[in-house]
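# Commentary on secondary and tertiary structure
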Amino acid sequence: MPLARALPVSLILLIAACAAPSGPPRLTLGPETCNTGAPPAVTGMNVGEVFAGAGQRMIIVPPGTNAPADHRPGRLVVFVDDKGWIQRAECR
């Protein structure tokens, strides 16, 4: 009978392993992010929640540093505070 009890438990564990992972929500930005003319609404999010997807260029600017002066269409510049919270974002 131990095998008869182990099978349902194994099945439950297998199903539980397939459940969606919990954690903070994530936002993946695609290449069209800055093509709308306005930066995405990421102000107030933690920089760890925002990801640049394929084709999206993103620069993170820590406090006390300057953003690059060159203009590259479609590039998202994200300004963060010393704890990684996004203060503002610009497409430039």
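Now for a quick tour of the structure. (Residues numbered from 1 in each chain as written. Predicted model: local features only at pLDDT ≥ 70, side-chain atom pairs only at ≥ 80, totals over all residues. Heavy atoms only, no water.)

On a plain count of helices and strands, the protein comes out with one helix and five strands. For the protein, the succession of helices and strands along the chain, N to C, is α-β-β-β-β-β. Looking at the protein as a whole, 25% of its 92 residues qualify as buried. A separation of at least 24 residues holds for 37% of the contacts in the protein among residues at least 6 apart in sequence. (Helix = DSSP H or I, 4+ residues; strand = E, 2+ residues; numbered from the N terminus. Buried < 20%, exposed > 50% of the residue type's maximum accessible area, 1.4 Å probe, protein only. Contact = heavy atoms within 4.5 Å.)

This next bit is on the pairing of strand E4 (residues 75-80). The element E4 is extensively covered by neighbouring structure, given that six of its six residues are classed as buried. By the alternation rule, side chains of E4 split into Arg75, Val77 and Phe79 and Leu76, Val78 and Val80, which are all buried. Bridge count between strand E3 (residues 57-61) and E4: five bridges; the pairing is parallel. Opposite Arg57, over in E4, you have Arg75 as the bridge partner. Where E4 lies against strand E5 (residues 86-91), five bridges are found, and the strand directions are antiparallel. By the bridge assignment, Val78 is partnered in E5 with Ala89. If you look at the hairpin formed by E4 and E5, you'll find five residues sitting between the two strands, and Gly84 has a positive phi there, around 95 degrees. (Pairing = 2+ DSSP bridges.)

The subject of this paragraph is the side chain of Gln56. By secondary structure assignment, the location of Gln56 is in the loop between strand E2 (50-52) and E3. Classification of Gln56 by relative accessible area gives buried; the value is 6%. The residues touching Gln56, leaving out its near neighbours within four places in the chain, are Leu29, Gly30, Pro31, Thr33, Cys34, Gly74, Arg75 and Leu76.

Shape descriptors only; they carry no functional weight alone.
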